[in-house]
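Fold and contact review
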Amino acid sequence: MFEQYYFQFRKMVIPADDYRPLSSIEDRQVWEKISRELSTFLVTEGEKYLDYDWPSILATDFMDFSRTGNRVLLEEKAGQRRNALLYLTLAECIENKGRFINGIVNGVWSTCDEATWIVSAHNTLYPIPGAEALKLPDTTEKIKVFIDILGSDVAALIASVYRLVGTRMDEVTPSINRRLLQTLKERIVVPFLANDDFPWMGNGRGLKYINNWTVWVISNILSVTVLTVFDVETRVKMVEKSMYYLDRFLAECPDDGSYLEGSSYWTTACGALLDSLDMIRGLSGGKIDFIKDEKVQNLSSFIYRQHIDGNMFINNADADLNLHTSAQRLYTLGTIAGNETLKSFALALRDVNGPELMVNRTTHPFHAIRELFTYGSFMQLSSTTFPYLLHSWQGTMEIMCEREFEGSSKGLYFSVKGGTNIGSHNHLDTGSFIIFSDGKPAIIDVGRGVYSVANFGIDRNKVISISSEWHNVPYICGRGQYLNMTKMSLADASMYRAKNTVYKSVGPLTELSMELRDVYPADCAVKYWKRIYRFDREKKEITVTEDFKLTKQEGETYLSLVTAEEPVITGNSIRIPVKDGADLAVVCPPELMPEIDVYEVANDVRLSKAWGHRVWRIRLFLKENLLEGKLVLSFKQIRG
């Protein structure tokens, strides 16, 4: 997309003073227009940090991850520090009395004092071949400073602080701003221009990937460039190299707009892409504008194609059931993309979420701060309704989403995931499905738990919420679906995937079929296992057909159905209660024998927010000596 501009941008770049998309404290007319509700909130938050004792980040805090697998200790301390600096700065911009300046100066000085901005969990992502993973980052070789996603957020935060209150800090002492700018140069500008082998660049010395990291980091790098890089030659180099990596990200994205990492990472990836395109459009005075590109437009539509009801979204991969992105963020992205459906969707989500004063503004902070100026007008816009698409087939990801009624969450909602288990953040869930009743969860995807060292190591497939045993797929002859984190790469995705996938929808009937044999281990005793998913809107019925042939019966073979509420078994019929919706009736063939077990999630902060204390699993065991057949499960709502 940008290739023609890689070495041409210097002819188009406009002077730094002609593109200043963030209003400083001196722009009083702008700051005084912020809604009273938001202004009061920001000052109140800032006051909490007036006497803030900036917590030291110790070497042992950082090493806790390598020692115990726990990343929370470091990240909670770092998060508190980021929030303190952000709210002190915003409170000063609102009040403009100098009451918060000392706190801001302390925050900037303290942030520059940190040995590194990367988090401990990311320290192993930039390895030297053959070297032992470092428990602490090596900060002695300045030109090789690693840039991670959360470190780039810190850079964008202090760059924003510089733009907002830099003149006030100069009144305290000019050395504050000089140190701020020098630290940004050492930790962002120099390593970005000097290195081409960070993993998120696709050329890692160990890991190599293009995913949400690529555009997340680039968006923040462009923010730093816009706010603090005034030398024209350096500014040009930063933008031209950024364009190259945006192209690499776009090359990995399917033309149909499917986003392989799911809804929770859409904002930090596709949203960051839109932010980046917007900044490049501004930096070039409008001469470079690819926002209306067809692939970009398709990507901008992904998030509402994943929507179920309220604040609930399809949560395959490492996605959460509830989207934590603010509705205003989605509205901003819809405005950038000119996507009216996304804007309308955002307004409907706003009415579900309510006021969003407490949303995280330290992720992509430059863009989050800019949204303060439009918060009041956004909250006053007229309400709309969700689109509630009847059909959505995302062919590259092989994700089917079907509703009983277009424009409504009433009735049955059915989604199936085919594709592959290989890829960034994927689970062992090829062929899995979910069913909601009247917009409420019945048969579910558990989603991701709190990240630990196991989530991104060789034992990822053993994490319960990632394993195929706790997704709605077959467990065949003692074997679950297969993933080897040490050997498999994206290049293997064409081999270890669902095969012969066919989607068709005619009138009231939608059908999807796929062959699952290749996502199980090679030594699994299965000749073929085909699944056929059918949604008959006239009958108000969903069926899942298992068409299989085993070479022998060894170990357990069962089908899993994970539920949000405790099911009740009566013979071969199962009733799944649905909170605030019609219960779901499941009818099983006599060849399957149901049993129920439970997964306690109360101690996992992420999972307990979605599901409470526990989720349940129905295991439908195949009778002994049955080697082939066509078994049909049917699902209907129970009214009354």
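Look up: the structure comes first, before these words.
Residues numbered from 1 in each chain as written. Predicted model: local features only at pLDDT ≥ 70, side-chain atom pairs only at ≥ 80, totals over all residues. Heavy atoms only, no water.

**What about the overall build of the chain?**
A tally of regular secondary structure across the chain gives 16 helices and 19 strands. Computed over C-alpha atoms, the radius of gyration of the chain comes to 26 Å, within 12% of the 26 Å expected from 2.2 N^0.38 for 640 residues, which places it in the range of a compact globule. When the backbone C-alpha atoms are referred to their principal axes, the chain occupies close to 80 × 60 × 50 Å. Looking at the 640 residues of the chain, the share that counts as buried comes to 60%. In the chain, once contacts between residues fewer than 6 apart in sequence are set aside, the share between residues at least 24 apart is 72%. When the accessible surface of the chain is summed, it comes to about 25,500 Å², and 51% of that surface belongs to carbon and sulfur atoms. (Helix = DSSP H or I, 4+ residues; strand = E, 2+ residues; numbered from the N terminus. Rg over C-alpha atoms; globule rule 2.2 N^0.38 Å. Buried < 20%, exposed > 50% of the residue type's maximum accessible area, 1.4 Å probe, protein only. Contact = heavy atoms within 4.5 Å. Areas by Shrake-Rupley, 256 points an atom, 1.4 Å probe, with all protein chains shown as cover.)

**Some words on unusual backbone geometry**
Glycine aside, residues mostly have negative phi angles, and peptide bonds mostly take the trans form. Positioned with a positive phi, Asp-580 is a non-glycine residue whose angle comes to about 65 degrees. With respect to the helices and strands, Asp-580 occurs in the loop between strand S15 (573-576) and strand S16 (583-587). The residue Asn-625 is not glycine, and still its phi comes out positive at about 70 degrees. Relative to the elements of secondary structure, Asn-625 occurs in the loop between strand S18 (614-622) and strand S19 (628-638).

**Description of the sheet that holds strand S12 (residues 541-550)**
If you walk across this open sheet you meet the 8 strands as S9-S10-S11-S12-S19-S16-S15-S14, and the pairing is antiparallel. One side of each edge strand has no neighbouring strand; the edge strands of this open sheet are strand S9 (499-506) and strand S14 (568-570). Averaged over all pairs of adjacent strands, the angle between strand axes in this sheet comes to 15 degrees, irrespective of strand direction. Pairing analysis gives 5 bridges linking S16 to S19, with the strands arranged antiparallel. Looking at S19, one finds that Val-587 is bridged to Ser-634. (Pairing = 2+ DSSP bridges. Axes fitted to C-alpha atoms, helices over the stretch in contact; angles between N-to-C directions.)

**A look at helix H10 (residues 266-283)**
Because an α-helix completes one turn every 3.6 residues, residues spaced three or four positions apart along the sequence face the same direction. Its 18 residues give H10 an end-to-end C-alpha distance of 24 Å, which sits within 8% of 26 Å, the value for a rise of 1.5 Å per residue. Considering bend angle alone, the principal kink of H10 is centred on Ala-272 and spans about 30 degrees. With respect to burial, H10 is a largely interior element, 17 of its 18 residues being buried. (Expected span 1.5 Å × (residues − 1). Bend = angle between axes of the 7 residues up to and from the residue.)

**A few points about the pairing of S9**
The sheet contact formed by S9 and strand S10 (residues 509-515) spans 6 bridges and is antiparallel. Bridge pairing links Val-506 to Leu-509 in S10. Here S9 folds back onto S10, and the loop between the two strands holds 2 residues, one of which, Gly-507, carries a positive phi near 60 degrees.

**Topic: the packing of helix H5 (residues 101-113) against helix H7 (residues 174-194)**
The description of two packed helices rests on the angle between their axes and on the distance between the axes. The geometry of H5 relative to H7 is characterised by a closest axis approach of 10 Å and an angle of 30 degrees between their N-to-C directions. Two packed elements cross with a definite hand, and for H5 against H7 that hand is left-handed. Contacts between H5 and H7 involve Val-105, Val-108, Trp-109, Thr-111, Cys-112 and Asp-113 from the former and Ile-176, Arg-179, Leu-180, Thr-183 and Arg-187 from the latter. Residues of the contact of H5 with H7, tallied by class, amount to 6 nonpolar, 2 polar and 3 charged. (Left-handed = near helix turned anticlockwise from the far one by under 90°. Nonpolar A, V, L, I, M, F, W, Y, C, P; charged D, E, K, R; others polar.)

**Here we look at empty space enclosed by the protein**
Here the idea is plain: a probe the size of a water molecule rolls over the atoms and shows the empty space left. Scanning all chains against the criterion turns up 3 cavities of 30 Å³ or more. Put simply, the largest cavity is a space of about 100 Å³. Around the largest cavity sit Ile-314, Asn-315, Asn-316, Ser-415, Val-416, Lys-417, Asp-429, Ser-432, Phe-433, Ile-434, Asp-445 and His-471, which together line it. Counting residues per element, the ones that place at least two in the lining of the largest cavity are strand S5 (412-417) and strand S6 (433-437). It is S5 that contributes the most residues to the lining of the largest cavity, 3 residues altogether. In this structure, the second largest cavity spans a volume of roughly 70 Å³. Contributing elements (two or more residues each) for the lining of the second largest cavity: helix H11 (294-305), strand S3 (391-394) and strand S4 (399-403). Class assignment of the residues belonging to the lining of the second largest cavity gives a composition of 5 nonpolar, 3 polar and 3 charged. (1 Å grid on protein atoms, 1.4 Å probe; cavity = no way out; pocket = protein on both sides within 12 Å on 5 of 7 lines; lining within 4 Å. Points joined across faces, edges and corners; volume = space filled by probe spheres on them.)

**Side note on the environment of Ile-532**
Mapped onto the secondary structure, Ile-532 falls in strand S11 (residues 526-536). Separated by 153 residues in sequence, Ile-532 and Met-379 have C-alpha atoms that sit 45 Å apart. Other than its neighbours up to four places away in sequence, Ile-532 contacts Glu-511, Leu-512, Ser-513, Thr-543, Val-544 and Thr-545.

**Describing the packing of aromatic side chains**
Inspection of the entire model under this criterion finds 31 aromatic pairs. Geometrically, the ring pair formed by Phe-249 and Tyr-259 is tilted, given 6.4 Å between the ring centres and 45 degrees between the ring planes. With a gap of 10 residues between them, Phe-249 in helix H9 (residues 232-252) and Tyr-259 in the loop between H9 and H10 connect regions that are remote in the sequence. Since its relative accessible area comes to 2%, Phe-249 is described here as buried. When the ring of Tyr-331 is compared with that of Phe-378, the centres are 5.4 Å apart and the planes differ by 55 degrees; the resulting orientation is tilted. On the criterion of sequence distance, the pair formed by Tyr-331 in helix H12 (residues 327-337) and Phe-378 in helix H15 (residues 375-380) is long-range, its members being 47 residues apart. Judged on exposure class, the residue Tyr-331 and its partner Phe-378 are both buried. Each residue in the set Tyr-6, Phe-146, Phe-198, Trp-200, Trp-213, Tyr-244 and Tyr-245 is aromatic and connected to the rest through ring pairs, giving one cluster. Of note, Arg-179 hangs over the ring of Trp-109, and the distance from its end group to the ring centre comes to 4.3 Å. (Phe/Tyr/Trp six-rings, centres within 6.5 Å; stacked < 30°, edge-to-face > 60°. Lys NZ or Arg CZ within 6 Å of the ring centre and 35° of its normal.)

**Digging into the environment of Phe-621**
Along the chain, Phe-621 turns up in strand S18. Residues Phe-621 and Ser-377 lie 244 residues apart in sequence; the distance between their C-alpha atoms is 56 Å. Dropping the residues within four chain positions of it, Phe-621 is found in contact with Glu-556, Thr-557, Tyr-558, Glu-591, Leu-592, Met-593 and Glu-595.

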